[in-house]
Amino acid sequence: MADPARTVALETLRAVRDRDAYANLVLPALLREYSVQGRDAALATELGYGSCRTLGFLDAVIAECAGRDIEEIDGPLLDILRLGTYQLLRTRVEPHAAVHTSVELARAETGSGRAGFVNAVLRRVAERTGDEWVARLAPRDPIGRLAFEYAHPVWIAQAFADALGADAGELRDLLAADDARPVVHLVARPGDITAEELALVTGGEEGRWSPYAVYLEGGGDPGALEPVREEMAAVQDEGSQLVALALTRARLHGADGGRWLDLCAGPGGKTALLGALAGIDGYRVDAVEPAGHRAELVRSATRELPVEVHIADGRDSGLTAGYDRILVDAPCTGLGALRRRPEARWRRTPADIADLVALQRELVAAAWDLVRPGGVVVYSTCSPHLPETVAVVADAVRRTGAEQLDARELLPGVTGLGHGPTAQLWPHRHGTDAMFVAALRKPL
């Protein structure tokens, strides 16, 4: 390939548009397939993820410069225009290089005639800076303007503002953190390698909050790292690590009998950490996942750990009650992990919420039936959206009479978690995904 970085980025955009693929799965696979490494891999990662993340902003600028709706532009040309516009407005790539490489991609893809269209549109894009385009095209209301500037749908920015509550003045910082390329987080598998050792091997930095976290700067494919290949470590956001740790730290009434359950286990990251921790004390973990292919991911992630995977619906798992600790990491909108799932913000809609909330409540109810008296259910979502978080917990407490523990105490040393008793992590405060945590203990 004459331009491996841009080719990988462009193929990522095409897969997302054509097949509704997930960029964070497609791009690393393309890097491996084409053996793209080093600076080219870092550039491909920035361009591919960045273009997916800022899609709404890019499309508004392209439509203005093309003089037509986005839907009227052929998909392959639109991918190239998005890639070129991102370089012009969101990177330090020289304008002539951004335009020239995009025109060459268009010529190779579609021929000279359409390459001229790409050239004309991108030259118009280059007439203004990113800030100038924001000033020209952004809505006038404060939240709408911030949403446009930091490439979020307005409804998501509003949901974040509602969740911040009295701290809604932090919305700009939150959106900016959500719009930035995240640092890769690794988890050191307990009993196999320490975070200190993992940091030394990978050149990373030990995490701030989880004793098993390592931060890894730079692009490329973390799956190529030797500790990850040897299953001594894995890629896992530090916030997800803290959720699993919260379950293990919650105080029970009575002794821990070593029966733990992950009721929503796929794809297995939290289950693997729970399994490693359980194995140290001779405990066992049951893991429930309804989809067969995701259950296989859980089995792969927990190989040689004391974990048994059950293919079942968590709402009707068929398992025997009496668990000491149950994690309900419920399916959700995923609004808290948008920085790691670049295209997700443009796929979710408010219409998704009602069905998800109903499912979340049913899963908590099922967990409550399975936990023993004195045991604990930890409910978590990778979303700060109030209907999915505090509203679900309030409903569970009202229906069951659960004792709500202060989840902040289960995350020792972590500051800025809110006013309790639930805990809310934030990208701009903690450098993690926006994980929500609540802990409910069943009365004796």
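Residues numbered from 1 in each chain as written. Predicted model: local features only at pLDDT ≥ 70, side-chain atom pairs only at ≥ 80, totals over all residues. Heavy atoms only, no water.

### Points about the packing of helix H4 (residues 55-66) against helix H5 (residues 75-90)
Angle between the axes and distance between the axes are the two parameters that describe a pair of packed helices.
Now for step 1: Interaxial distance between H4 and H5 falls to 9 Å at its minimum, and their mutual angle equals 100 degrees. Compared by their axis directions, H4 and H5 come out roughly perpendicular. Mapping the contact onto sequence places Leu-55, Phe-57, Leu-58, Asp-59, Val-61 and Ile-62 in H4 and Leu-78, Leu-81, Arg-82, Thr-85, Tyr-86, Leu-89 and Arg-90 in H5.
Now for step 2: Within the contact of H4 with H5, the residues separate by chemical class into nine nonpolar, one polar and three charged. (Axes fitted to C-alpha atoms, helices over the stretch in contact; angles between N-to-C directions. Helix = DSSP H or I, 4+ residues; strand = E, 2+ residues; numbered from the N terminus. Parallel < 35°, antiparallel > 145°, perpendicular 65-115°, else oblique. Contact = heavy atoms within 4.5 Å. Nonpolar A, V, L, I, M, F, W, Y, C, P; charged D, E, K, R; others polar.)

### What about unusual backbone geometry?
Now for step 1: Residue Pro-267 is bonded to the preceding Gly-266 through a cis peptide linkage, with omega at 5 degrees.
Now for step 2: Within the element layout of this structure, Pro-267 appears in the loop between strand E5 (259-262) and helix H15 (269-280).
Now for step 3: Along the chain, Gly-420 connects to Pro-421 via a cis peptide bond; the corresponding omega equals -5 degrees.
Now for step 4: Topologically, Pro-421 is positioned in the loop between strand E10 (403-405) and strand E11 (423-424).
Now for step 5: Positioned with a positive phi, Ser-35 is a non-glycine residue whose angle comes to about 55 degrees.

### Here we look at the pattern of salt bridges
Now for step 1: Counted according to the given criterion, the structure contains 35 salt bridges.
Now for step 2: The shortest N-O distance in the salt bridge between Asp-433 and Arg-340 comes to 3.3 Å. Residue Asp-433 is found in the loop between helix H19 (427-430) and strand E12 (436-441), and its partner Arg-340 is found in the loop between strand E8 (323-329) and helix H17 (353-370); the two are separated by 93 residues along the sequence. One exposure class covers both Asp-433 and Arg-340, and it is buried.
Now for step 3: Asp-395 serves as the salt-bridge partner of Arg-399, at 2.8 Å between the closest nitrogen and oxygen. Placement of the pair is Arg-399 and Asp-395 together in helix H18 (residues 390-400), with a separation of four residues, close to one helical turn.
Now for step 4: Here Arg-399 falls in the partly exposed class, since its relative accessible area comes to 41%.
Now for step 5: Salt bridges here are not isolated pairs; linked through shared partners, they connect Arg-53, Arg-90, Asp-179 and Arg-345. (Salt bridge = Lys/Arg side-chain N within 4 Å of Asp/Glu carboxyl O. Buried < 20%, exposed > 50% of the residue type's maximum accessible area, 1.4 Å probe, protein only.)

### Topic: a negative patch on the surface
Now for step 1: On the surface, a cluster of negative charge is contributed by Glu-196, Glu-197, Glu-205, Glu-206 and Glu-217.
Now for step 2: Contributing elements (two or more residues each) for the negative patch: helix H12 (195-202) and strand E2 (205-206).
Now for step 3: Note on placement: Glu-206 falls in strand E2.
Now for step 4: Of the residues examined, Glu-206 reaches a relative accessible area of 43% and is grouped as partly exposed. (Patch = residues over 30% accessible without salt bridge, like charges linked within 9 Å, V, L, I, M, F, W, Y side chains within 5 Å. Areas by Shrake-Rupley, 256 points an atom, 1.4 Å probe, with all protein chains shown as cover. Lys, Arg positive; Asp, Glu negative; His and termini not counted. Charge placed at Lys NZ, Arg CZ, Asp CG, Glu CD.)

### Structural notes on the pairing of strand E3 (residues 213-216)
Now for step 1: Burial along E3 is two-sided: Ala-213 and Tyr-215 and Val-214 and Leu-216, pointing in opposite directions, are all buried.
Now for step 2: Across four bridges, the pairing between strand E1 (residues 184-188) and E3 is antiparallel. Bridge pairing in E3 places His-185 opposite Tyr-215.
Now for step 3: Where E2 meets E3, two bridges bridge the pair, whose relative direction is antiparallel. Within the sheet, the bridge partner assigned to Glu-205 lies in E3 and is Tyr-215.
Now for step 4: Linkage of E2 to E3, two consecutive antiparallel strands, is achieved through a turn of six residues. (Pairing = 2+ DSSP bridges.)

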